[in-house]
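If you want the building blocks of each chain, they are given just below.
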Amino acid sequence: MLKPGATIGILGGGQLARMMALAAAPLGLKCHIFSPKGDNPAFDVAAAFTEADYTDEAALHAFADAVDVVTYEFENVPARTADVLAGHCPVHPNARALAITQDRLTEKSFIRDLGLPVPDFRAIDSLDDLKAGMAALGGFGVLKTRRLGYDGKGQAMIRPETVLAEAWAKVGEAPCILEALVPFDRECSVIAARSANGSSAAYEICENEHRHHILSRTILPASVSSQLGHEAMAMAEKIAAALDYVGVMTVELFVAGDRLLVNEIAPRVHNSGHWTIEGAETSQFENHIRAVAGWPLGLTRRLGRIEMNNLIGDEADRWEDLLKEPGAHLHLYGKAESRPGRKMGHVTRVWPEKA
Ligand code: AMP
């Protein structure tokens, strides 16, 4: 268990690391951010930072010696980086959670083997595999690279009219997984925190809307039955326990009729959990910090009806209007440059629960 005044090392210098560092400060914990050269808005709010590549072993050793525990804000931490750091200090979440979630095939297989529902899927390593897979799925599917895909990148939707060779070229002929196309009613997610002693706490299921494959809006309560909501929370806690996970984890789900299907796991705090800063008893960022520090988790109770909107690209230019709006909680990430599709901030509104 860390003592107040201890230092948490965070790999990655984006808005998620920034909000982790902001959550650590009131608890008397310091953060040291490690991130390659670039726009690193987390550096602005951290006690210390190291600007170096994830392959720079001398820098990694010095960083690990300066911190008491290491965590990360993104799942594509190179395995070697995690190994080097783990030689010095605890790394949470653990290497196995990283390895499983870095590869969509091992991830989906792991979830299925836990007995949880996932879309029908199969491995694709060649155009012939793709042809055979699509014949089995009846003409509708989603082809995704096993590694390094996010926000719809490294993906191709396949319909009966799709030329399969073009879809295969679109994903760079990289090892893939092919999934059945789920006719979902809505996309949801559940955030769960788990501490080293095995206690866990899930946040209520939230409903997510995307634009151009990027999260645009999160609302709570989600339009799902309370039974499905509880099932979703139980799924997240089951996955976290099976991974012996320490920290905050996110499970993205499809809701189709009265069924839930797991789409993917993010081994980290998540954009769809930003609502927890003002909308829950304890934010996802604070609970992540508490968990990696070995501290008791805070309550996850929702405090009202909630809407979180991302401010993408020039949407953040509305900041003055948002500041004037009573009850709108504005977050700007302090990024140096605004680009279309870039997450520049978010705004959360919390209303009293209807009587
Ligand atoms: P992912 O990168 O796996 O989160 O996928 C990005 C988006 O593609 C999801 O948020 C869905 O909108 C859509 N998508 C992914 N997989 C499927 C699927 N099997 N069926 C239908 N839509 C999907």
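Since the model is a prediction, treat every value here as computed from it, not as a measurement. Think of each chain on its own: its residues are numbered from 1, step by step along the sequence as written. In view of the model being predicted, local features appear only for residues whose pLDDT reaches at least 70, and side-chain atom pairs are presented and counted only at 80 or more, with totals across whole chains, interfaces and linings using the full set of residues. Here the side-chain values reflect all heavy atoms present in the structure, with hydrogen atoms and water set aside.

Caption draft 1: Main features of the domain arrangement of the protein. Looking at the protein, the domain boundaries give domain 1 (7–91), domain 2 (120–180) and domain 3 (186–351). Centre-to-centre separation of domain 1 and domain 2, based on C-alpha positions: 35 Å. Bear in mind that the domain bounds are from an automatic or database domain assignment.

Caption draft 2: Structural view of helix α3 (residues 79–86). Buried residues of α3: T81, A82, V84 and L85, and no others. Seen end-on, α3 carries its buried residues on one side only, within an arc spanning 160°. For α3, the exposed residues set more than 90 degrees away from the buried face come down to A79 and R80. In this description, contact between two residues means that some pair of their heavy atoms is separated by no more than 4.5 Å. Numbering of helices and strands starts at the N terminus; helices are DSSP runs of H or I of at least 4 residues and strands are runs of E of at least 2. Check the buried side of α3 and you find it contacts β1 (7–11), α2 (57–66), β4 (69–72) and α4 (95–102). We call a residue buried when its accessible area falls under 20% of the maximum for its residue type, exposed when it is over 50%, and partly exposed in between, using a 1.4 Å probe and counting protein chains only. To be clear, the arc concerns the directions from the helix axis to the C-beta atoms.

Caption draft 3: Representation of the side chain of R268 in the model. Relative to the helices and strands, R268 is located in the loop between β14 (259–266) and α9 (276–279). Classification of R268 as buried rests on a relative accessible area of 16%. Other than its neighbours up to four places away in sequence, R268 contacts L16, Y72, E73, F74, E75, Y245, V248, M249 and T250.

Caption draft 4: Just the sheet that holds strand β5 (residues 121–124), in detail. Note: two strands are recorded as paired if DSSP finds a minimum of 2 bridges between them. Across the sheet, which stays open at both edges, the four strands sit in the order β5-β8-β6-β7 with antiparallel pairing between neighbours. Bordering the open sheet on either side are β5 and β7 (155–158), each of which pairs with just one other strand. Neighbouring strand axes in the sheet, compared pairwise and without regard to direction, differ in orientation by 20° on average. Docked against the sheet, helix α5 (residues 104–113) engages β5, β6 (141–145), β7 and β8 (176–180), running at close to 155° with respect to β5. The axes used here are C-alpha line fits, helices contributing only the stretch in contact, and every angle between their N-to-C directions lies in the interval 0 to 180 degrees.

Caption draft 5: Broad picture of the packing of aromatic side chains. Two rings from Phe, Tyr or Trp (for Trp, the six-membered ring) form a pair when their centres sit within 6.5 Å of each other. Planes less than 30 degrees apart are called stacked, planes more than 60 degrees apart edge-to-face, and all others tilted. Tallied over the full model, the rule gives six aromatic pairs. Ring centres of F43 and F49 lie 4.1 Å apart, and the angle between their planes is 10°; on these two criteria the pair is classed as stacked. Its relative accessible area of 47% is what places F49 among the partly exposed residues. By way of ring pairs, the aromatic residues F34, Y54, F63 and F74 are connected into one cluster.

Caption draft 6: Seen up close, the environment of T7. Tracing the backbone shows T7 in strand β1. Taking the relative accessible area as the measure of exposure, T7 reaches 15% and is therefore buried. Once the C-alpha coordinates of T7 and K37 are considered, the two residues, 30 residues apart in sequence, prove to be 22 Å apart. In contact with T7, other than residues within four places in its own chain, are K30, C31, H32, A66, V67, D68 and V69.

Caption draft 7: Looking closely at the site of the ligand. Neighbouring residues of the ligand: 14 residues in total, closest K144, Q155, A180, V182 and E187. By the criterion applied in these results, polar contacts are pairs of N or O atoms within 3.5 Å in which, for protein atoms, one can donate a hydrogen and the other can accept it, and in which residues neighboring in sequence qualify only through two side-chain atoms. K144 is positioned such that a nitrogen or oxygen atom in its side chain is 2.7 Å from an oxygen atom of the ligand. Computed with the Shrake-Rupley method and a 1.4 Å probe, the accessible areas treat only the protein chains shown as cover for residues. Coverage of the ligand by the protein chains reaches 92% of its 480 Å² of free accessible surface. Sorting the residues of the shell around the ligand by element identifies β6, β8, β13 (247–256) and β14 as the ones contributing at least two each. Residues are grouped as follows: nonpolar covers Ala, Val, Leu, Ile, Met, Phe, Trp, Tyr, Cys and Pro; charged covers Asp, Glu, Lys and Arg; every other residue, Gly included, is treated as polar. When grouped by side-chain class, the residues that make up the shell around the ligand number six nonpolar, two polar and six charged. Two domains share the shell around the ligand, each providing at least three of its residues, namely domain 2 (120–180) and domain 3 (186–351). Whether a residue is near a molecule or strand depends on its heavy atoms: if one lies within 4 Å, it is near.

Caption draft 8: The arrangement of the pairing of β14 in detail. Counting buried residues in β14 gives six out of eight residues, a clear majority hidden from the surface. The pairing of β13 with β14 spans seven bridges and is antiparallel. In the sheet register, A256 faces β14, and the bridge partner there is R259.

Caption draft 9: Region of the structure containing the nonpolar core. Among the nonpolar cores identified, the biggest contains 40 residues, and L2, I8, I10, L29, I33, W275 and F285 are the most heavily contacted of them. At the level of secondary structure, the elements contributing two or more residues to this core comprise β1, α1 (15–24), β2 (30–35), β9 (186–194), β12 (214–220), α10 (284–293) and β15 (305–312). Looking at which element gives the most residues to this core, the answer is α1, with seven residues. Split by domain, this core shows at least three residues from each of two domains, domain 1 (7–91) and domain 3 (186–351). Those residues within four positions of L2 in sequence are excluded, and the remaining contacts are I8, D68, V69, A293 and W295. The criterion is simple. A nonpolar core is a set of buried Ala, Val, Leu, Ile, Met, Phe, Trp, Tyr and Cys residues joined through side-chain atoms within 4.5 Å.

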